[in-house]
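Each chain, letter by letter, is given below.
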Amino acid sequence: MLRGVTALLVFAVAALGCGGLASLKSESVPAAASRAPVEPAPAAAPILLRGATIMTAAGPTIERGDVLVRDGRIAAVGAELAASAGVEAIDVAGRWITPGIIDPHSHLGVYSMPATTSNADGNEMTGPFKPDIQAEHSFWPQDPAIERALAGGVTSIHVLPGSANLVGGQGVTLRLVPALSAREMRMPGAPTTMKLACGENPMRLYGQAKGAEPQTRMAEVALLRQKLENARAYRVEAGKPRDFASDALAKLLAGEILAQNHCYRADEMLVRLDLFAEFGTAPRAFHHAVEAYKIRDRLAQAGVGAVVWADWAGLKMELVDAVPANAALLDEAGVRVALHSDSPYDIQRLNQEAAKAMAAGSRAGIAVSREAALRWITANPAWILGVDARVGTLEPGKDADLVVWSGDPFSVYTRAEQVYIEGRRVYERANPGPPRSDFELGLRGAK
Amino acid sequence: MAIALVGATVHTGQGPPLENATIVIDGARVHAVGAKLRPPDGATVIDVSGMVITPGLVAVGTRLGTLDVELESASVEATLPPSADPVRAALRAADTWNPASLTVPIARAGGITSALVMPEGGQISGQAAWVDLAEKEWLRRGSAALRVEIGAPLAATGPPPAGARAASFLRLRESLADARLYRGNRGPFLTNKLRALSISAADLDVLDRALARDLIVAVEVDRASDILTVIELANEYALRVVIVGGAEAWLVAGELARAEIPVALDAFADLPSSFSALRSRPDSAALLHSAGVRVILADLGSPHFAHRLRQSAGNAVAAGLPYDAALASITRVPAAVFGIADTGTIRAGAVANLVVWNGDPLEVTTWAERMWIRGQEVPLETRQDLLTRRYRQ
């Protein structure tokens, strides 16, 4: 059984930081036609969810509260909201409601199930710099893992290329709505991201496996510096063919593409911060960031987010100093910290990951409120992905992406009962229906 | 000197939990357990009121303690390279167990006191060891099961090669047939008066124990049709078999129950991860249990995740497995299935492997406060705790 190892080897991601060099105006680079958003679906009918314990991720927990959803948005959250005509009232007494969970680091759809050779579609291991490739174009909307994630209360995922490359390609933020293409799932207005990687994975997959650059961390830094310098000088010129790779890195330096940098060790994160600073910018977040707790004040000062696991440890040398109190320590220091899955298994239980990380904080004597822990899987990942104006909390005007849980979302015994995206019920445990994935049709078997 | 743990809720593994109970430990064993039992004179009394005590958890099918860092091949000790002979029944995981492995303290902090440590790779991978997670005298049984894998990947990662399943069954049948011939002809074989056999004498001696029903055969297999084939083989050779993995075992739960074959289920493996596991589902444990199959919950992924065992049991409860069965599936059942006497329950005479929790042990917000292994208290502090403390100052 290779479940754990495979997950790490294949998925562990590389990301490099976001850039902010304004040498290139974003308007100078026309949007590719394929980036056009898909027409939104007509708004769902208004609903009123009544009588639940509501954790908004934006304020205190509301006992016996209601959520009014209209036109796909949160219209109101509070106690004893009035039900007007034409609003379907749904009794959820005894249940809990939270915002939909956002996984800021997923490879669903690019490493789909079953884990066959041809479903390994997330690492373009033909060269360490691939800034022009887009995870969206590998994404398979029929990945059976998507429905399991939804059943775990996940409403949005940030899909990234893998971490083989120093610059692995562009990530995309998707909503888990039924669709036939990634483009239909893309969250409107979500910034494009860029996956970069530090450390062991590029070393292992190039230097050690192929005898190619980079073999060392020092080469990783040197190679990246040169690419960023080239991008700084890049201009779109009339009569010259456009270079989409330089184009993307230039957007990264301009801050238009958010750099999401896979990096484990404290020393490497500090080297990365210095390298980005040379170009006047910083990554949006370090992902995996297992030693972020060692440099939490520096990360807080730099305004760089940290995307971490609750209890992964030891799989690689750069995971040996992982501590389960990482998230709590970071939160205490004021770092925007999010939990991620990086796994088609853990994505089904991110609420439990938050609970474990919260408990690890308590065990270490760090007080973490339940509201703060909820933000690790909702509001904070929304900020890290640049979509916090739209999702991540239950506040009027936000998308009605929410989960009705059978009980306390931090209990192992609790299950997501209903999941809504933009006010549409996209999952109902009591009435699951046929498999969502075409692949699974006829395969699940009867109970 | 005796120790008395007083005031906790105790899950003994037999009947409902005892409230406000006392456990008396004398030497390596439990001397007595009971509600409101008066500690014996002279015993060291430890007040654990408000806490919950369970038998120590058992990690089955793990490579715990046989590696330090999974992706550093030099630290991976119980997995032979693909170039090695696929039949290696004589290999003993016990020889590679290292109580000082980086993986061990983290597992202990997750409440695990014992493990059935398995070698990996090949078709007949070798013998699993039953160990306690103690610094000394850890070995309870050096040869607790013989591990067989159906359709094994031959490389450290990646999908199995073409024909892996056919090759597995071919080598398994060939090895068993040779072992049966060897049974009555050991002398002639060793004096070269028998036809050549496909495997070495050392391997044959181990298979001989399996044919004598002295050694359990733990078959790692997922696909329902393969499980039926394994049941056939078990009948043909009168083997004592445990299914390990069992992604699709729920489909043949009735057959398994009739054959009295337990299943050590990879508890989190609910995805159609391969063509042998397309019908994986999150409630497999509940379905098997209700069909009368003895269920062990196991984490068969990386041993770096061994501490999640109790979380997997909690999730099995949420998916319909009764609470008592879930707790038993990580304590009493594995000990009973692998014949490790006096283990997995808390009763007079049992080995004193137990964990003190600050709440429901299956709940993710609970943690282990204290632990006794063979009657000795073992520290639960990890390198992780030391790092946290160093960087919090």
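Positions within a chain are numbered from 1, following the residues in the order the chain's sequence is written. Whichever chain is written first is A, and whichever ligand is written first is 1; the rest continue in order. With the structure being a predicted model, the display of local features is reserved for residues of pLDDT at least 70 and the display and counting of side-chain atom pairs for 80 or more, all residues being used for whole-chain, interface and lining totals. For side-chain calculations, the full set of non-hydrogen atoms in the structure is used, while hydrogens and water are omitted.

Asker: Please clarify how the packing of aromatic side chains should be interpreted in this entry.
Answerer: Geometry of an aromatic ring pair is reported as the spacing of the ring centres plus the angle between the planes. Between the rings of Phe, Tyr and Trp (Trp by its six-membered ring), a pair exists once the centres lie within 6.5 Å; its type follows the angle of the planes, with under 30 degrees stacked, over 60 edge-to-face, and the other angles tilted. A full pass over the atoms with the stated rule returns six aromatic pairs over all chains. Ring centres 5.6 Å apart and planes at 85° place the aromatic pair tyrosine 293 of chain A and tyrosine 391 of chain B in the edge-to-face group. Taken together, the positions of tyrosine 293 of chain A in the loop between β11 (285-288) and α8 (296-302) and tyrosine 391 of chain B in helix α11 (residues 383-392) put the pair across two chains. Among the residues examined, tyrosine 293 of chain A registers a relative accessible area of 0% and is labelled buried. Members of the aromatic cluster, joined through ring pairs, are Tyr264, Trp309 and Trp312 of chain A together with Phe305 of chain B. Distance and angle both matter: a charge sits over a ring if NZ of Lys or CZ of Arg is within 6 Å of the ring centre and within 35 degrees of the ring normal. Over the ring of tryptophan 383 of chain A we find arginine 284 of chain A, and its NZ or CZ is 3.9 Å from the ring centre. Taking NZ or CZ as reference, arginine 281 of chain B lies 4.6 Å from the ring centre of tryptophan 250 of chain B, over its face. Counting from the N terminus, the helices are the DSSP runs of H or I reaching at least four residues and the strands are the DSSP runs of E reaching at least two. Whether a residue is buried, partly exposed or exposed follows from its accessible area with a 1.4 Å probe, protein chains only, as a fraction of its type maximum: under 20%, in between, or over 50%, in that order.

Asker: Is there a simple way to think about the sheet that holds strand β12 (residues 305-308) of chain A in this case?
Answerer: Across a sheet, strands are paired by hydrogen bonds formed along the backbone, either parallel or antiparallel in direction. Residues and elements named next belong to chain A. Pairing is mixed across the open sheet formed by eight strands, whose spatial order is β6-β7-β8-β9-β10-β11-β12-β13. Strands with a single pairing partner mark the edges of an open sheet, and in this sheet they are β6 (101-106) and β13 (337-339). Strand-to-strand, the axes of this sheet are offset by a mean angle of 25°, without reference to chain direction. One bridge is not enough; two strands pair if DSSP finds at least two bridges between them. Of the strand pairs in this sheet, strand β10 (residues 258-263) and β11 are connected by four bridges, and their pairing is parallel. Counterpart to histidine 262 in the pairing with β11 is histidine 287. Running over the sheet, helix α10 (residues 350-363) touches β6, β7 (154-159) and β13 and is turned about 130° from β13. With axes taken as lines fitted to C-alpha atoms, and helix axes fitted only over the stretch in contact, angles between N-to-C directions fall between 0 and 180 degrees. In this description, contact between two residues means that some pair of their heavy atoms is separated by no more than 4.5 Å.

Asker: In this structure, what is going on with the interface of chain A and chain B? I would like to understand it.
Answerer: How large an interface is tends to be reported as the accessible area lost when its parts come together. In this complex, chain A contributes 64 residues to the contact, which on the side of chain B involves 63 residues. Buried area: the accessible surface (1.4 Å probe) lost by two parts on joining, summed over both. Both faces considered, chain A and chain B share a buried interface measuring about 5,300 Å² in area, 57% of it formed by carbon and sulfur atoms. The salt bridge criterion pairs a side-chain nitrogen of Lys or Arg with a carboxyl oxygen of Asp or Glu, the two atoms within 4 Å. Along the contact surface separating chain A from chain B lie six salt bridges. A salt bridge links arginine 392 of chain B to glutamate 332 of chain A, with the nearest nitrogen and oxygen atoms 2.5 Å apart. The term polar contact refers here to a pair of N or O atoms within 3.5 Å; inside protein, the definition further demands a hydrogen-donor-capable atom paired with an acceptor-capable atom, and it admits residues adjacent in sequence only when both atoms are side-chain atoms. Summed over the shared surface of chain A and chain B, the number is 24 residue pairs in polar contact (both at pLDDT 80 or more). The set of elements that each furnish at least two residues to the side of chain A that touches chain B consists of α1 (3-11), α2 (145-151), α4 (200-210), α9 (326-332) and α10 of chain A.

Asker: Any chance you could explain helix α4 (residues 201-211) of chain B here in plain terms?
Answerer: Because an α-helix completes one turn every 3.6 residues, residues spaced three or four positions apart along the sequence face the same direction. Residues and elements named next belong to chain B. Those residues of α4 that sit buried are Asp203, Leu204, Val206, Leu207, Ala210 and Leu211. Down the axis of α4, the smallest arc covering the buried residues is 165°, so these residues share one side. Along its buried surface, α4 packs onto β8 (124-132), β9 (139-149), α2 (164-183), α3 (186-190), β10 (217-221) and α5 (224-237). One or two steps after α4, the chain reaches arginine 213, where phi turns positive at roughly 60°. The directions considered for the arc run from the helix axis to the C-beta atoms.

Asker: How do you make sense of the pattern of salt bridges when you look at a structure like this?
Answerer: It is possible for side chains bearing opposite charge to pair when their charged atoms get close. In total, this model carries 51 salt bridges over all chains according to the counting rule given. Here glutamate 135 of chain B and arginine 108 of chain B are joined by a salt bridge, their closest N and O atoms 3.7 Å apart. Separated by 27 residues along the polypeptide, glutamate 135 of chain B in the loop between β8 and β9 and arginine 108 of chain B in helix α1 (residues 103-109) bring together distant segments of the chain. For glutamate 135 of chain B, a relative accessible area of 55% corresponds to the exposed category. Judged by its relative accessible area of 7%, arginine 108 of chain B is buried. Through salt bridges with shared partners, a single network forms among Arg73, Arg175, Arg390, Asp399 and Glu422 of chain A.

Asker: Would you mind showing me how to read empty space enclosed by the protein here?
Answerer: Taking a probe equal in size to a water molecule and rolling it over the atoms shows the remaining empty space. Residues and elements named next belong to chain B. Here a cavity is any set of points on a 1 Å grid over the protein atoms alone where a 1.4 Å probe fits but cannot get out, and a pocket is any open set with protein on both sides within 12 Å along at least 5 of 7 lines; a residue lines the site when it has an atom within 4 Å of a point. Grid points are joined across faces, edges and corners, and a volume is the space filled by probe spheres set on the points. Enumeration according to the criterion identifies eight cavities of 30 Å³ or more in this entry. What the second largest cavity holds in volume is close to 80 Å³. As for the second largest cavity, its lining consists of Leu146, Val148, Leu172, Leu176, Leu207, Val217, Val219, Val230, Leu233, Ala234, Leu239 and Val241. Looking at the lining of the second largest cavity, the elements that each hand over two or more residues are β9, α2, β10 and α5. Counting residues per element, the lining of the second largest cavity draws most heavily on α5, at three residues.

Asker: Just to check I follow, could you spell out α10 of chain A for this structure?
Answerer: All names here are of chain A. The span you would expect from a helix comes to 1.5 Å times its residue count less one. A rise of 1.5 Å per residue sets the reference length of α10, with its 14 residues, at 20 Å; its end C-alpha atoms lie 20 Å apart and thus fit the reference within 8%. Taken together, the buried positions of α10 are occupied by Leu350, Asn351, Gln352, Glu353, Ala354, Ala355, Lys356, Ala357, Met358, Ala359, Ala360 and Gly361. Among the residues trailing α10, glycine 365 stands out with phi positive, at a value near 85°.

Asker: Before we go on, may I ask you to explain unusual backbone geometry in this structure?
Answerer: Keep in mind that most residues, glycine aside, have a negative phi and that most peptide bonds are trans. All names here are of chain A. Omega for the peptide link from methionine 113 to proline 114 comes to -5°, which places this bond in the cis form. Residue glutamate 213 is joined to proline 214 through a cis peptide bond whose omega torsion reads -5°. Following the sequence through the fold, proline 214 ends up in the loop between α4 and α5 (217-233). Phi is positive for arginine 64, which is not a glycine, with a value near 45°. Among the secondary structure elements, arginine 64 is positioned in strand β2 (residues 62-70).

Asker: Quick question: what am I supposed to make of the packing of α5 of chain A against helix α7 (residues 266-278) of chain A here?
Answerer: Between two packed helices, what matters for the description is the angle formed by their axes and the separation of those axes. Residue and element names in this part refer to chain A. Between α5 and α7, the least distance of the axes is 11 Å, while the angle of their chain directions is 20°. Regarding the angle of α5 to α7, the classification is roughly parallel. For α5 against α7, the interelement crossing comes out right-handed. Counting all contacts with α5, which are made through Arg217, Glu220, Val221, Leu224, Arg225 and Arg232, the residues of α7 involved are Glu268, Val271, Arg272, Leu275 and Glu278. Just so you know how the angles are binned, under 35 degrees is roughly parallel, over 145 roughly antiparallel, 65 to 115 roughly perpendicular, and the rest oblique. What makes a crossing left-handed is the near helix being turned counterclockwise from the far one by less than a right angle; a clockwise turn instead makes it right-handed.

Asker: How should the pairing of strand β16 (residues 424-428) of chain A be read in this particular structure?
Answerer: A regular strand places its side chains on the two faces of the sheet in alternate fashion. Residue and element names in this part refer to chain A. Where strand β15 (residues 416-421) lies against β16, four bridges are found, and the strand directions are antiparallel. When the bridges of β16 are listed, glutamine 418 appears paired with glutamate 428. Connecting β15 to the next strand, β16, in antiparallel fashion are two residues, including glutamate 422 with a positive phi near 50°.

Asker: Would you mind going over the nonpolar core with me for this structure?
Answerer: One broad rule of soluble globular proteins: the nonpolar side chains tend to lie buried together. Residues Leu133, Leu239, Val241, Ile243, Leu256, Leu288 and Leu297 of chain B are the most contacted members of the largest nonpolar core, which totals 80 residues. Here the element with the most residues in this core is α5 of chain B; it accounts for seven residues. When neighbours within four sequence positions are excluded, leucine 256 of chain B is seen to be in contact with Ile227, Ile231, Ile243, Ala249, Ile261, Val263, Leu288 and Val293 of chain B. In plain words, nonpolar cores are sets of buried Ala, Val, Leu, Ile, Met, Phe, Trp, Tyr and Cys residues tied together by side-chain atoms within 4.5 Å. Listed in part, the 75 residues of the second largest apolar core include Val110, Tyr293 and Ala357 of chain A together with Val364 of chain B.

Asker: Hey, could you run me through the environment of valine 30 of chain B in this one?
Answerer: Residue and element names in this part refer to chain B. For valine 30, the location among the structural elements is in strand β3 (residues 29-35). Owing to a relative accessible area of 3%, valine 30 belongs among the buried residues under this scheme. Along the chain, valine 30 and leucine 354 lie 324 residues apart, while their C-alpha atoms are 9.7 Å from each other. Setting aside chain neighbours within four positions, we find valine 30 in contact with Ile23, Val24, Ile25, Ile346, Arg347, Ala348, Gly349, Ala350, Ala352 and Leu354.

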